[in-house]
Amino acid sequence: MDTISRSEVLARFGHALSDPTRTQVMLVLTEGPSYPADLADRIGVSRQSLSNHLACLRGCGLVVAEPEGRRTRYELTDPTLGTALKQLLAIALAVDPACCPPDTAVECK
């Protein structure tokens, strides 16, 4: 396992949260561990799509996979991540609708 810089940690966290599905996965996992099939059903995505997002989150070091017999349970790598997400949700933002629209790759001008 490699240690990365603080700026790289934030960049990985930002990358994870830049996708609505990954954001939903992270939010569900703040409530506790879950299984891929349950996550897919709860979020409303295909299991294949969810699998790709879980692989991304694992690669970013934000979730871990824990084998349990024939199933695999996913959880946040550190409970502090859940706390950080809850604190981010508590921030009130004044948003310009023309800048950074949700679910798009439009750049702010």
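To be clear, the structure that these remarks concern was listed above.
Residues numbered from 1 in each chain as written. Predicted model: local features only at pLDDT ≥ 70, side-chain atom pairs only at ≥ 80, totals over all residues. Heavy atoms only, no water.

Draft legend 1. Representation of the pairing of strand S2 (residues 71–76) in the model. Taken together, the 6 bridges between strand S1 (residues 63–68) and S2 define a ladder with antiparallel strand orientation. Bridge pairing in S2 places Ala65 opposite Tyr74. Linking S1 to S2, which pair antiparallel, is a turn of 2 residues; within it Gly69 sits at a positive phi near 65°. (Pairing = 2+ DSSP bridges. Helix = DSSP H or I, 4+ residues; strand = E, 2+ residues; numbered from the N terminus.)

Draft legend 2. Molecular detail of the layout of surface pockets. Estimated volume of the second largest pocket: approximately 320 Å³. Counting only elements with at least two residues in the lining of the second largest pocket, the list comes to helix H2 (20–29) and helix H5 (79–89). The element contributing the most residues to the lining of the second largest pocket is H5, with 3 residues. Considered class by class, the residues forming the lining of the second largest pocket number 8 nonpolar, 1 polar and no charged. (1 Å grid on protein atoms, 1.4 Å probe; cavity = no way out; pocket = protein on both sides within 12 Å on 5 of 7 lines; lining within 4 Å. Points joined across faces, edges and corners; volume = space filled by probe spheres on them. Nonpolar A, V, L, I, M, F, W, Y, C, P; charged D, E, K, R; others polar.)

Draft legend 3. Spatial organisation of the pattern of salt bridges. Following the criterion strictly, the structure yields 4 salt bridges and no others. The shortest N-O distance in the salt bridge between Glu31 and Arg42 comes to 2.8 Å. Here Glu31 is found in the loop between H2 and helix H3 (36–43), whereas its partner Arg42 is found in helix H3, with 11 residues between them in sequence. Since its relative accessible area comes to 58%, Glu31 is described here as exposed. A salt bridge links Glu68 to Arg73; its shortest N-O distance comes to 2.2 Å. The structure contains a network of salt bridges with shared partners spanning Glu68, Arg73 and Glu75. (Salt bridge = Lys/Arg side-chain N within 4 Å of Asp/Glu carboxyl O. Buried < 20%, exposed > 50% of the residue type's maximum accessible area, 1.4 Å probe, protein only.)

Draft legend 4. Looking closely at the packing of aromatic side chains. For the structure on display, the rule yields 0 aromatic pairs. A cation over a ring is seen here: Arg71 above Tyr35, with NZ or CZ 3.7 Å from the ring centre. (Phe/Tyr/Trp six-rings, centres within 6.5 Å; stacked < 30°, edge-to-face > 60°. Lys NZ or Arg CZ within 6 Å of the ring centre and 35° of its normal.)

Draft legend 5. Geometry of H5. Within the sequence span of H5, burial applies to Leu81, Gly82 and Leu85. All buried residues of H5 fall inside an arc of 100° around its axis, so they share one side. Exposed positions of H5 whose direction lies more than 90 degrees from the buried face are Pro79, Thr80, Lys86 and Gln87. In this fold, the buried residues of H5 make contact with helix H1 (6–17), H2 and S2. (Arc of directions from axis to C-beta. Contact = heavy atoms within 4.5 Å.)

Draft legend 6. Focus on the nonpolar core. Core analysis: the largest hydrophobic core is formed by 19 residues, its most contacted members being Val25, Met26, Leu29, Leu50, Leu57, Leu62 and Val63. Elements represented by at least two residues in this core include exactly H1, H2, H3, helix H4 (47–59), S2 and H5. Here this core takes 4 residues from H2, the largest share from any one element. When near neighbours in sequence (up to four residues on either side) are disregarded, Leu62 contacts Arg12, Phe13, Ala16, Met26, Leu57, Glu75, Leu76, Thr77 and Leu81. (Core = buried A, V, L, I, M, F, W, Y, C linked by side-chain atoms within 4.5 Å.)

Draft legend 7. Quick look at the packing of H1 against H2. For the pair H1 and H2, interaxial distance at closest approach is 6 Å and the crossing angle is 105°. Taken together, the axes of H1 and H2 lie roughly perpendicular to each other. In this structure, H1 uses Phe13, His15, Ala16 and Leu17 to contact H2, whose residues at the interface are Arg22, Thr23 and Met26. For the contact of H1 with H2, a count of residues per class yields 4 nonpolar, 2 polar and 1 charged. (Axes fitted to C-alpha atoms, helices over the stretch in contact; angles between N-to-C directions. Parallel < 35°, antiparallel > 145°, perpendicular 65-115°, else oblique.)

Purely spatial values, then, with no claim about function.
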